[in-house]
Amino acid sequence: MAQEIKVPDIGDFDSVEIIEVLVAEGDTVEKEQPLITLESDKATLEVPSPAAGKITELKIAEGDSVSEGDVIAMLEAAEDGDAADDQPTDNDDAAKADDEAAKQKDAAKSEDKTSKQSDTAGGADRPAANNASDKVEPKATTPASDDHNYDCDVLVLGSGPGGYSAAFRAADMGLNVTMVERHSVLGGVCLNVGCIPSKALLHSAKVIEDAANMAHHGVTFGKPEIDLAKLLDYKQSVIDQLTGGLKSMASKRQVNVVTGHATFTDDHTLAIEGNDEVSQVTFNKAIIAVGSEPVMLPGWPEDERIWTSEEALSPDELPGSLLVVGGGIIGCEIANVYAAHGTDVDVVEMTDALIPGADKDLIKPLTKRMKSRCGNIWVSTKVTGLEAGDKLTARFEGKDAPESKDYDRVLVAVGRKPNGAKIGADKAGVEVNERGFIPVDKQCRTNVEHIFAIGDVSGEPQLAHRATHQGKVAAECCAGEKAAFDAKVIPSVVYTDPEVAWTGVTETQAKAEGIEYTKGAFPWAANGRAIGLDATDGNTKLLFGSDGRLIGAGAVGTGAGDLIAETCLAIEMGADADDIGLTIHPHPTLAETVGMAAEAEAGTLTDLYMPKKKK
């Protein structure tokens, strides 16, 4: 008796086109032999035969669109009993059908070169942080062609985490790649004057703090002596190791690296100014990865004592006093570095709490710790003016702040602006909005079909790990593969002591947007590892949506940035509280707090006494 072969679970696609029919009526097929090939906007995948037998009838044709459950063919199972048993019917063991669906999902994931991204979770239709995303309508001005006389297949403008990832991925896929960087070393802001050097100095600050804290437990060290030159040499050695590695990898991949300031002259040509001469490179496709720069406040005097984060990470001396304007991630990290090394630090933030965007319960332990380190932390306060004399005199407007105060240095850490308006993008026909962002779609494609944009210049959040994943997507699209930047979450981390990390939907967001959620939380005061580390003010929390699946997470405490990765994976995989709680976490570790927060939600937690939830 003939049996129906149906389209299995194919992920999040409602209707997928059949681009190839691989069998004909009357053909004998083996189990797992491909029958048809489907193509979505993200992937191609084959639907295999669930059993061996003979195709007696085809219900579809090339060009048809199908969805999960549609019948594609009728199969007369082979006489072999094992083969017949492999064909699932409505009365068969449901596990077999589930297994087949799992195989199809795995096939889709392996085919789909998709790097998923959205700074929110709990709703697949939530817009990405760059609101221009997905509204772009790419159109070619001078179409790219595989048959060309251009200098390179792909030109990558910028060598930061997004740029070098794009260049190396494109080269690995066999494309001829040129990467243009304005500085003499690769790595962009992140490796040279941002993420990496700040983490090296934060490590120094944590060593100082940890040594001081051990006095409460019977181990006393003398007052630290800071050799600033040697400390900065250590920071530079970290940078050199990483940037040297990039140079080596570019060479091994035969990526042509060009140094100079670049601007577009048309949609296939880039002019490069360097060493007092101008050259040009022509390209078939381009990936813009030019990043961002610090925002400076208007009307302030030009004075070398007024720093951006770049100057703050390479000081000529440790100042006696420092005002940090902006209590976001960069401001808090640098404030902690200087406070630990002996500088009297004040922090001023316009909003009502440090780290705007993070839940206040996560920020509370950090704020408490920073108040013990810093001179003052003024929230809901503005700097209304700055005068340069023997000292830098700042004037304030806020409930608890003084009218004015003098400082040796002032750090401006109020945000970063994209560099989209600095590269002559209009000459290439590339749209740049009023803020300097270049709008892109899920393929990271601009309004010009063969030009892509990634990283800080393509929208918010401006984070290196976002840029890295976008770079790979853009490179794969340049190579003609199906790829999209469409993940559910982007984690954020503040590398202070304690660290603060969060991902997906925050409680603040859920309440503001009316998103239904429940919460499982676990205080680190009940975690053995945290107690041994004297980190009992930490906390881990998980937010679950109305369907029981994880939609958001947050942690504060030592290594919170490492803990958050597990929750990102859990959200991507659609895990619920049982999935996480039943996953065995090693003991004693801080990672256990993730599992125990899930157990708190599931009602299976034994490490705390928690009254049963009222139904």
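Everything below is about the structure shown above.
The paragraphs below set out a description of the structure included in this document. (Residues numbered from 1 in each chain as written. Predicted model: local features only at pLDDT ≥ 70, side-chain atom pairs only at ≥ 80, totals over all residues. Heavy atoms only, no water.)

The helix and strand inventory of the protein chain stands at 15 helices and 32 strands. Looking at the protein chain alone, contacts between residues at least 24 apart form 64% of all its contacts between residues at least 6 apart. Surface summary for the protein chain: the accessible area is close to 29,400 Å², and the carbon and sulfur share equals 48%. (Helix = DSSP H or I, 4+ residues; strand = E, 2+ residues; numbered from the N terminus. Contact = heavy atoms within 4.5 Å. Areas by Shrake-Rupley, 256 points an atom, 1.4 Å probe, with all protein chains shown as cover.)

For the rest of this paragraph, the subject is the state of the cysteines. On inspection of all chains with the given rule, the structure shows 0 disulfides. No disulfide involves Cys 374; its sulfur sits 8.3 Å from that of Cys 332, the nearest cysteine. Given a relative accessible area of 7%, Cys 374 falls into the buried group. (Disulfide = S-S within 2.5 Å. Buried < 20%, exposed > 50% of the residue type's maximum accessible area, 1.4 Å probe, protein only.)

What follows covers the environment of Pro 365. Among the secondary structure elements, Pro 365 is positioned in helix H9 (residues 360-373). Separated by 135 residues in sequence, Pro 365 and Val 500 have C-alpha atoms that sit 9.2 Å apart. Once residues lying within four places of it in the same chain are set aside, the contact partners of Pro 365 are Pro 498, Asp 537 and Val 556.

The next subject is unusual backbone geometry. In this structure, Pro 461 follows Glu 460 across a cis peptide bond, with omega equal to 0°. With respect to the helices, strands and loops of the structure, Pro 461 is situated in the loop between strand S26 (451-453) and helix H10 (464-478). With an omega of 5°, the peptide bond between Asp 497 and Pro 498 qualifies as cis. The residue Pro 498 is located in the loop between strand S28 (492-494) and strand S29 (499-504) in this model. Positive phi outside glycine occurs at Glu 32, with the angle close to 75°. Residue position: Glu 32 is located in the loop between strand S3 (28-29) and strand S4 (34-39).

On the surface, Glu 17, Glu 20, Glu 46, Glu 62 and Asp 64 cluster together into a negatively charged patch. Take Glu 17: it is sitting in strand S2 (residues 16-21). Residue Glu 17 is classed as partly exposed on the basis of its relative accessible area of 38%. (Patch = residues over 30% accessible without salt bridge, like charges linked within 9 Å, V, L, I, M, F, W, Y side chains within 5 Å. Salt bridge = Lys/Arg side-chain N within 4 Å of Asp/Glu carboxyl O. Lys, Arg positive; Asp, Glu negative; His and termini not counted. Charge placed at Lys NZ, Arg CZ, Asp CG, Glu CD.)

Moving on, we come to the packing of aromatic side chains. Enumeration over the complete set of coordinates arrives at 4 aromatic pairs. Consider the rings of Phe 264 and Phe 283, whose centres lie 6.0 Å apart with planes at 80°: the pair is edge-to-face. Of this pair, Phe 264 sits in strand S13 (residues 261-266) while Phe 283 sits in strand S15 (residues 277-288); the two residues are 19 residues apart in sequence, bridging distant segments of the chain. For the pair Phe 264 and Phe 283, a shared accessibility class is recorded, and that class is buried. (Phe/Tyr/Trp six-rings, centres within 6.5 Å; stacked < 30°, edge-to-face > 60°.)

Where burial is concerned, most of strand S19 (residues 344-348) is hidden: 4 out of the 5 residues are buried. In terms of strand pairing, strand S18 (residues 321-325) meets S19 through 5 bridges, oriented parallel. Among the inter-strand pairings, Ser 321 is bridged to a residue of S19, identified as Asp 344. As judged from the 3 bridges shared by S19 and strand S20 (residues 376-378), these two strands associate in the parallel manner. Paired with Val 348 across the bridge in S20 is Trp 378. For the handedness criterion, the β-α-β arrangement of S19, H9 and S20 is classed as right-handed. (Pairing = 2+ DSSP bridges. Right-handed = clockwise from strand over helix to strand, strands pointing away.)

A separate point is the pattern of salt bridges. The tally for this structure, following the rule as stated, stands at 27 salt bridges. Close ionic contact of Asp 408 with Lys 391 constitutes a salt bridge, the shortest N to O distance being 2.4 Å. Of the two residues, Asp 408 is situated in the loop between strand S23 (404-407) and strand S24 (409-412) and Lys 391 in the loop between strand S21 (382-388) and strand S22 (392-397); the sequence distance between them amounts to 17 residues. Look at Asp 408 and you get buried, because its relative accessible area is 19%. Bridged by salt links that share partners, the residues Lys 206, Glu 209, Asp 210, Arg 369, Arg 373, Asp 497 and Asp 537 form one connected network.

Relative orientation of the contacting elements helix H3 (residues 161-172) and H10 amounts to 30°, with a least axis distance of 7 Å. By the angle between their directions, the pair H3 and H10 is classed as roughly parallel. As for the relative orientation of H3 and H10, their crossing is right-handed in sense. Across from Pro 161, Gly 162, Ser 165, Ala 166, Arg 169 and Ala 170 in H3, the residues of H10 making contact are Ala 464, Ala 467, Thr 468, Gly 471, Lys 472, Ala 475 and Glu 476. Looking at the contact of H3 with H10 residue by residue, the classes come out as 6 nonpolar, 4 polar and 3 charged. (Axes fitted to C-alpha atoms, helices over the stretch in contact; angles between N-to-C directions. Parallel < 35°, antiparallel > 145°, perpendicular 65-115°, else oblique. Left-handed = near helix turned anticlockwise from the far one by under 90°. Nonpolar A, V, L, I, M, F, W, Y, C, P; charged D, E, K, R; others polar.)

Here we come to the packing of helix H5 (residues 195-213) against helix H6 (residues 228-252). Between H5 and H6, the least distance of the axes is 9 Å, while the angle of their chain directions is 140°. Here H5 lies oblique to H6, going by the angle between them. Remark: the crossing between H5 and H6 carries right-handed chirality. Each of Ile 196, Pro 197, Ala 200, Leu 201, His 203 and Ser 204 in H5 lies in contact with H6, whose residues at this interface are Leu 231, Tyr 234, Lys 235, Val 238, Ile 239 and Leu 242. Across the contact of H5 with H6, the residue classes tally to 9 nonpolar, 2 polar and 1 charged.

Val 345, Ile 355 and Met 370 are the most contacted members of the largest nonpolar core, which has 31 residues in total. Breaking this core down by element, the ones donating at least two residues are H5, S18, helix H8 (329-340), S19, H9 and S29. With 6 residues, the single largest contributor to this core is H8. When residues no more than four places from it in sequence are discounted, the contact partners of Met 370 are Cys 332, Ala 335, Asn 336, Val 347, Leu 354 and Ile 377. Val 489, Ala 501, Cys 568 and Ile 571 belong to the second-largest nonpolar core, a separate cluster that totals 28 residues. (Core = buried A, V, L, I, M, F, W, Y, C linked by side-chain atoms within 4.5 Å.)

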